[in-house]
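Commentary on secondary and tertiary structure
Listed below are the residues making up each chain.
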Amino acid sequence: LILLKIIEGYMIANIIYLQIENNNSSRLDKLHCFLDSPFIVRLFGYKTEEEKVLALELYNLLVKNQAKLCCFSHTFNEVEGILYEYKRNINNYRDMTLEHFDEEGYTESRVDMEINSLKDMFLHYHIEIMDKPLYNEDKYKDVIDESELRKKLVEHTENIGHRLKERSIDNDIFSVCSINMLRKGNTYTRIENCKYIFVTQYQYLITATKEVMAGKLKDLDIN
């Protein structure tokens, strides 16, 4: 599974590379690349070394091509929540663990140190934390159907035997709606022309979003 993720990461990185190399003058300096919490957790090295290598490959490519790295404030809260959850369940973290912390034998106080220095990690990796834009349902109802997206998210996660917490669903919807509001409903065929993308490892979110936007955002580059 780790090998598959590494291969997938390599392919994604090279797709971006090929797109910008079609025109040697193209760069990603206008692109705001919003990262999701699983990617950030891997980038910061909280998971396995192999997963960090994967995350760094894409991260370094984006930095090299001058993309602006961001995350929504609710994503920062998710990352912080993952650390708190680990602290509350040290040695009994069944749903998801942080392998690096396990290997290093992290204690509660050591996890607290990581939590207290979390904003410094974001600064170190030059990831700007931004609030989501205010949602105007009347203006964007023809672009994204929030209630339908919620329904699809529940449907797809239940199909894979995974029940999302209400807060997780809310955050997924916040991210999708925010990206579309920032884009003002526009679509793009080349990544260097697109000002906002969302990098997520959640296949259910990608699938649900594309289904809801079928025919409206056919070329949605949320993945």
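Only a predicted model underlies this, so the values are computations on that prediction, with no experimental measurement involved.

Procedures and definitions
- Residues numbered from 1 in each chain as written.
- Predicted model: local features only at pLDDT ≥ 70, side-chain atom pairs only at ≥ 80, totals over all residues.
- Heavy atoms only, no water.
- Helix = DSSP H or I, 4+ residues; strand = E, 2+ residues; numbered from the N terminus.
- Buried < 20%, exposed > 50% of the residue type's maximum accessible area, 1.4 Å probe, protein only.
- Contact = heavy atoms within 4.5 Å.
- Axes fitted to C-alpha atoms, helices over the stretch in contact; angles between N-to-C directions.
- Left-handed = near helix turned anticlockwise from the far one by under 90°.
- Nonpolar A, V, L, I, M, F, W, Y, C, P; charged D, E, K, R; others polar.
- Pairing = 2+ DSSP bridges.
- 1 Å grid on protein atoms, 1.4 Å probe; cavity = no way out; pocket = protein on both sides within 12 Å on 5 of 7 lines; lining within 4 Å.
- Points joined across faces, edges and corners; volume = space filled by probe spheres on them.

Let us look at the overall build of the protein. When its secondary structure is counted, the protein shows eleven helices and four strands. Evaluated residue by residue, the protein yields a buried proportion of 43% over its 223 residues. Taking all contacts inside the protein whose residues are at least 6 apart in sequence as the whole, residues at least 24 apart take part in 77%.

Moving on, we get to the packing of helix α4 (residues 73–88) against helix α10 (residues 166–182). Direction vectors running N to C along α4 and α10 enclose 145°, while the axes themselves pass 10 Å from each other. Crossing hand, α4 versus α10: left-handed. Facing His-74, Thr-75 and Glu-78 of α4, the residues of α10 in contact are Asn-171, Phe-174 and Ser-175. In terms of residue class, the contact of α4 with α10 is made up of one nonpolar, four polar and one charged.

Turning our attention to the sheet that holds strand β4 (residues 196–199). Pairing is parallel in the open sheet, where four strands are placed in the order β3-β2-β1-β4. Looking at the sheet topology across the chains shown, the edges are occupied by β3 (127–130) and β4. Neighbouring strand axes in the sheet, compared pairwise and without regard to direction, differ in orientation by 35° on average. In terms of strand pairing, strand β1 (residues 32–35) meets strand β2 (residues 68–72) through three bridges, oriented parallel. In the strand pairing of β2, Cys-33 is matched with Leu-69.

With that settled, the discussion passes to the layout of surface pockets. There is about 170 Å³ of room inside the second largest pocket. In terms of residue class, the lining of the second largest pocket is built from five nonpolar, three polar and six charged.

What follows is about empty space enclosed by the protein. Scanning all chains against the criterion turns up two cavities of 30 Å³ or more. Within this model, the largest cavity holds a volume of roughly 60 Å³. Forming the walls of the largest cavity are 13 residues, and the residues nearest its centre are Asp-36, Glu-78, Asp-172, Ser-175 and Phe-198. Among the secondary structure elements, those contributing two or more residues to the lining of the largest cavity are α2 (37–43), α4 and α10. Residues belonging to the lining of the largest cavity are distributed by class as follows: four nonpolar, six polar and three charged.

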